[in-house]
Amino acid sequence: MNAPILSIKNLCAGYRGTEALHDVSFDVQPGSYIGICGPNGSGKSTLVKVILGLLPPTRGEVALLGTQQTAFRDWQRIGYLPQGLQFFNPHFPATVKEVVRLGRLAGKRFPKRFDREDALAVERTMEWMGISHIKGCMIGELSGGLRQRALLARALVNEPALLVMDEPTTALDPETRESFYRLIYEMNREKQVTVLLVTHDTATIGEYASHLLYLDKRVMFYGSFDDFCGSEEMTGVFGEHAQHLVCHRH
Amino acid sequence: MLSYGFMQRALLGGSLVAILCSVLGVFLVLRRLSLIGDGLSHVTFGSVAIAMLFRLQSVYLMLAIVPLVMASSLGILKLAQRARIYGDAAIGIVSALGIAVGVMLASVAGGFNVDLFSYLFGNILSISAGELGIAALLFTVVLLGVAVFYNDLFASTFDEELAKTSGIDTERINGVLVLLTALTVVLAMKVVGIMLISALLILPAVSALQIAKGFKTAIVCAAVIGVLTVVVGITVSFLANVPTGATIVLINFVVFFLAFAARGIFRR
């Protein structure tokens, strides 16, 4: 077995005294596709924030690519796609190309300047994502689906080893959502990018992800979908019908 | 008109300040921090009063108030980050403190009210060679700061959370932005006066944002609008013998209106 790309041990985290995650431990192997599900308030987004260094844990350890997160500096190897931008301004005057290029800042040293290699990576990623034709368009003028595709290109422009996504399809219509999931699946298969996808879409994730991490402040289940489907403990939690709906493969 | 030394100095000094205000204005407006210029200008009022208490004038006064305004800009940032209050409230607190200190000192010390209030409305036509030298120095420092941190500033303005996940220390970048703004506000005090500094930070930026396609284009566009409006404003003020600061602001408003109308027409 390879060294885990992400290793979490006895992690506790929360906000102002309220614990959102309790004693969470799991490893993610390179090339896997993990669907992270759980009810509202189960700590899914908190887990993402801790992994990305946006929220310090109250206890426990997070290691990214074999390095303790507090000492981790290779952020160009981690891609992140949020549900939407934190305070998205539809009039923000940035073109798609400018936004995708921002992803290349990760890992650059002071003073951060873009070079020819960056320009080539940006062009290559936009072509791969099928957004070259809109590279001069303003990000705020795009549809939700195209905007998420542009932000995905930003997350992938460094060809990261790990892609973390927090409910990236929430604002998308079912058709766009489906094609988005397919794109992530192909990327995971073809480029061996490890994927961590937080989603409420338990009925769809089973079609694409290799593993399921079910959170409810603690890890309720972590394993393959086959294991999930055969787990009597999960039958007790979800009921047989819901368990098979999530699995999608039996 | 250009044969007058004071006009040459006014046009040069005004253009330097216009470039800085416009470039920083784009970042501030997009971060919804437009009114930080207003807050810092009020702090400048208090700082000028303190400097005058020590009988400092001209270049020495400008140099003396720089650290006070810079410290206040960091104060606004720290208040917003640590005191669980929104940025606008933090600006309001520091701004009110600046005005209160200015008024109190003017009242207690007496004798410099006329000088102090002349800073409220500025007078670029009276800029001295020494002040122009300081303006050129601060211009170089601020523009270099923007150039060096440009990509980090852009990334944190676009989305702070995404910037953090790219390994950008956004707290440090926010600090850099407010410090550069503080230096610019001190410079702009002479051009449009304390009362109208925020207009020079906001108007060229919002005019550029009406028409620009792309972030770099917005920055360049704002700088061009800023310089043009300051040059035209100083010229009109000289020819028509009207207050310079107010003329610059009114011309900026006309440009904003035209850019706003142009946006509406081209969108149809």
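No experiment lies behind these values; they were computed from the predicted model shown. (Residues numbered from 1 in each chain as written. Chains lettered and ligands numbered in written order. Predicted model: local features only at pLDDT ≥ 70, side-chain atom pairs only at ≥ 80, totals over all residues. Heavy atoms only, no water.)

We now examine empty space enclosed by the protein. Scanning the model with the defined rule gives two cavities of 30 Å³ or more in all. Roughly 90 Å³ of internal volume is contained in the largest cavity. Around the largest cavity, the lining residues are W75(A), Q76(A), I78(A), G79(A), Y80(A), G103(A), A106(A), R154(A), A155(A), N158(A), T165(B) and S166(B). Listing elements by their share of the lining of the largest cavity, those giving two or more residues are strand 6 (78-81) and helix 4 (144-156) of chain A. Here the lining of the largest cavity gets three residues from one element, more than from any other, and that element is strand 6 of chain A. (1 Å grid on protein atoms, 1.4 Å probe; cavity = no way out; pocket = protein on both sides within 12 Å on 5 of 7 lines; lining within 4 Å. Points joined across faces, edges and corners; volume = space filled by probe spheres on them. Helix = DSSP H or I, 4+ residues; strand = E, 2+ residues; numbered from the N terminus.)

Here the second largest pocket is characterised by a volume of approximately 640 Å³. The wall of the second largest pocket is formed by 24 residues, among which F72(A), R73(A), W75(A), G167(B) and I168(B) lie closest to the centre. Across the lining of the second largest pocket, the residue classes tally to eight nonpolar, eight polar and eight charged. (Nonpolar A, V, L, I, M, F, W, Y, C, P; charged D, E, K, R; others polar.)

Turning our attention to a nonpolar patch on the surface. Taken together, the side chains of F253(B), V254(B), F257(B) and L258(B) make up a nonpolar region of the molecular surface, amounting to roughly 420 Å² of accessible area. Within the element layout of this structure, F257(B) appears in helix 11 (residues 244-267). (Patch = residues over 30% accessible without salt bridge, like charges linked within 9 Å, V, L, I, M, F, W, Y side chains within 5 Å. Areas by Shrake-Rupley, 256 points an atom, 1.4 Å probe, with all protein chains shown as cover. Salt bridge = Lys/Arg side-chain N within 4 Å of Asp/Glu carboxyl O.)

Our focus in this paragraph is the sheet that holds strand 2 (residues 18-28) of chain A. Residues and elements named next belong to chain A. Taken in spatial order, the four strands make up an open sheet running 2-1-4-5, and their pairing is antiparallel. The open sheet has two free edges, formed respectively by strand 2 and strand 5 (67-68), since each of these has just one partner strand. Relative to strand 5, strand 4 (residues 59-64) runs antiparallel, the two being bridged by two bridges. Residue pairing across strands places A63 opposite Q68, the latter belonging to strand 5. (Pairing = 2+ DSSP bridges.)

This part takes up the interface of chain A and chain B. Facing the 32 residues of chain A at the interface are 29 residues of chain B. Interface of chain A and chain B: buried area, both sides summed, is about 2,800 Å²; carbon and sulfur atoms make up 60% of it. The largest share of the area that chain A buries against chain B comes from F92(A), P93(A) and L102(A), three residues that together contribute 20% of it. Here chain A is connected to chain B by 11 residue pairs in polar contact (both at pLDDT 80 or more). Contributing elements (two or more residues each) for the side of chain A that touches chain B: helix 2 (96-102) and helix 4 of chain A. (Contact = heavy atoms within 4.5 Å. Buried area = accessible area lost by both parts, 1.4 Å probe. Polar contact = N/O pair within 3.5 Å; in protein donor to acceptor, adjacent residues only side chain to side chain.)

By themselves, these figures tell us nothing about what the structure is for.
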